[in-house]
Amino acid sequence: MGENKAEAFAVFGEDERQKAAAEYLRGQGYPVLSAAGVASARYALLPVPLSADRAGFETLLQKAAPGTLAFAGRVSAQAKAAAQAKGIELEDYLQREELARLNAIPTAEGCIGLILQNRRRTIWGSRMAVLGYGRCGQALAARLAALGAQVTVAARDPGQRALAQSTGLAAAPMEELDSVLPGCQVVVNTVPALLLDARRLALLEKQALVIDLASLPGGTDFEAARALEIAAIHALSLPARCAPVTAGQFVARAVLAMLKERGEGN
């Protein structure tokens, strides 16, 4: 394409995920600028989550030209409104189904790493419960079962329970969670609602490990877990923490797909 600044990306943030996204974009023929060069860029790539007070967002508002197309993840309503007021179109790449599915892979792998790091037993032969059977729950449960764990999925949706059963997993309605938890050595929550309160945590043995993958505030009463001496970890942003290069490439690929659908880009 050449050094056509009108088609350049300004990439905000210096973490490994953003660096990997920038490198992928370069490999696809796009000039990549720093956040300071956003005035010369047609596109801007911002990190996740994006709120109105996020570092760098003020730079976007102050320096980006009207008509700039910006991409970010988990965009707050306030951030989107502030960008719109400046004539900047702000799209949320985490709304892409393919990106959500792909991000479930490093999330599942990162969770398995945490399980291995925080226990003294193998995954093989361990009784485990996965709460919720959305994208992350599906990716994780399949991998745990492949490693030999005895996995029970708890899900509200009967279709999701049937899907779990169709792959050879045990499944139970969320209303029966009280009967699932006793005897579980590892419980992984993916549901952004309080499921593991003090009463349910008390059903677990003290050697149990709880990993909560749900977004803030999570689905676990962590204070109650400490009082019960149950190890509980709130594992947020595992793709960026455990596989930032892969996660950054996933983001860049999703953004380029969004451009293609608009009839823009290379």
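Keep in mind it's a predicted model, so treat the numbers as computed, not measured.

### A short note on the sheet that holds strand β6 (residues 127–131)
Across the sheet, which stays open at both edges, the six strands sit in the order β8-β7-β6-β9-β10-β11 with parallel pairing between neighbours. The sheet terminates laterally at β8 (170–173) and β11 (231–234), the two strands that pair on one side only. Looking at each pair of strands side by side, their axes are set apart by 20° on average, direction ignored.

### Regarding the packing of helix α4 (residues 97–117) against helix α5 (residues 135–146)
Relative to each other, α4 and α5 sit at 45°, their axes nearing to 8 Å. Classified by the interaxial angle, the pair formed by α4 and α5 is oblique. For the pair α4 and α5, the crossing hand works out as right-handed. Contact residues: E97, A100, R101, A104, I105, T107, A108, C111, I112 and I115 in α4; R135, C136, Q138, A139, L140, R143 and L144 in α5. Here the residues of the contact of α4 with α5 are counted per class, giving 11 nonpolar, two polar and four charged.

### Quick look at the packing of aromatic side chains
Applying the stated criterion across every chain yields a total of two aromatic pairs. Aromatic pair F9 and Y30: ring centres 5.3 Å apart, planes at 80°, arrangement edge-to-face. One end of the pair, F9, is in strand β1 (residues 9–11); the other, Y30, is in the loop between α1 (16–27) and β2 (32–34), and 21 residues separate them in sequence. You'll find F9 and Y30 in the same group, each marked buried. On the basis of an interplanar angle of 35° and a centroid distance of 5.0 Å, the ring pair of F9 and Y43 is categorised as tilted. Here F9 is found in strand β1, whereas its partner Y43 is found in strand β3 (residues 43–45), with 34 residues between them in sequence. Residue classification places Y43 among the buried residues on the basis of a relative accessible area of 0%. By way of ring pairs, the aromatic residues F9, Y30 and Y43 are connected into one cluster.

### Structural notes on the environment of E23
If you trace the backbone, E23 turns up in helix α1. Once the C-alpha coordinates of E23 and P244 are considered, the two residues, 221 residues apart in sequence, prove to be 12 Å apart.

### Some points on α5
For α5, spanning 12 residues, the distance from its first C-alpha to its last is 17 Å, which sits close to the expected 16 Å at 1.5 Å a residue. Looking at the buried side of α5, the elements it contacts are α4, β6, β7 (150–155), α6 (158–166) and β9 (186–189). A positive phi of about 100° marks G148, the residue just after α5.

### With respect to the state of the cysteines
Using the criterion set out here, one finds zero disulfides in the structure. C111 supplies the cysteine sulfur nearest to C136, a cysteine that is in no disulfide, at a spacing of 9.3 Å.

### What about the environment of V130?
Note on placement: V130 falls in strand β6. Residue V130 is classed as buried on the basis of its relative accessible area of 0%. Each C-alpha atom, one on V130 and one on R42, is 43 Å from the other, the two residues being 88 residues apart in sequence.

Conventions we followed
- Residues numbered from 1 in each chain as written.
- Predicted model: local features only at pLDDT ≥ 70, side-chain atom pairs only at ≥ 80, totals over all residues.
- Heavy atoms only, no water.
- Pairing = 2+ DSSP bridges.
- Helix = DSSP H or I, 4+ residues; strand = E, 2+ residues; numbered from the N terminus.
- Axes fitted to C-alpha atoms, helices over the stretch in contact; angles between N-to-C directions.
- Parallel < 35°, antiparallel > 145°, perpendicular 65-115°, else oblique.
- Left-handed = near helix turned anticlockwise from the far one by under 90°.
- Contact = heavy atoms within 4.5 Å.
- Nonpolar A, V, L, I, M, F, W, Y, C, P; charged D, E, K, R; others polar.
- Phe/Tyr/Trp six-rings, centres within 6.5 Å; stacked < 30°, edge-to-face > 60°.
- Buried < 20%, exposed > 50% of the residue type's maximum accessible area, 1.4 Å probe, protein only.
- Expected span 1.5 Å × (residues − 1).
- Disulfide = S-S within 2.5 Å.

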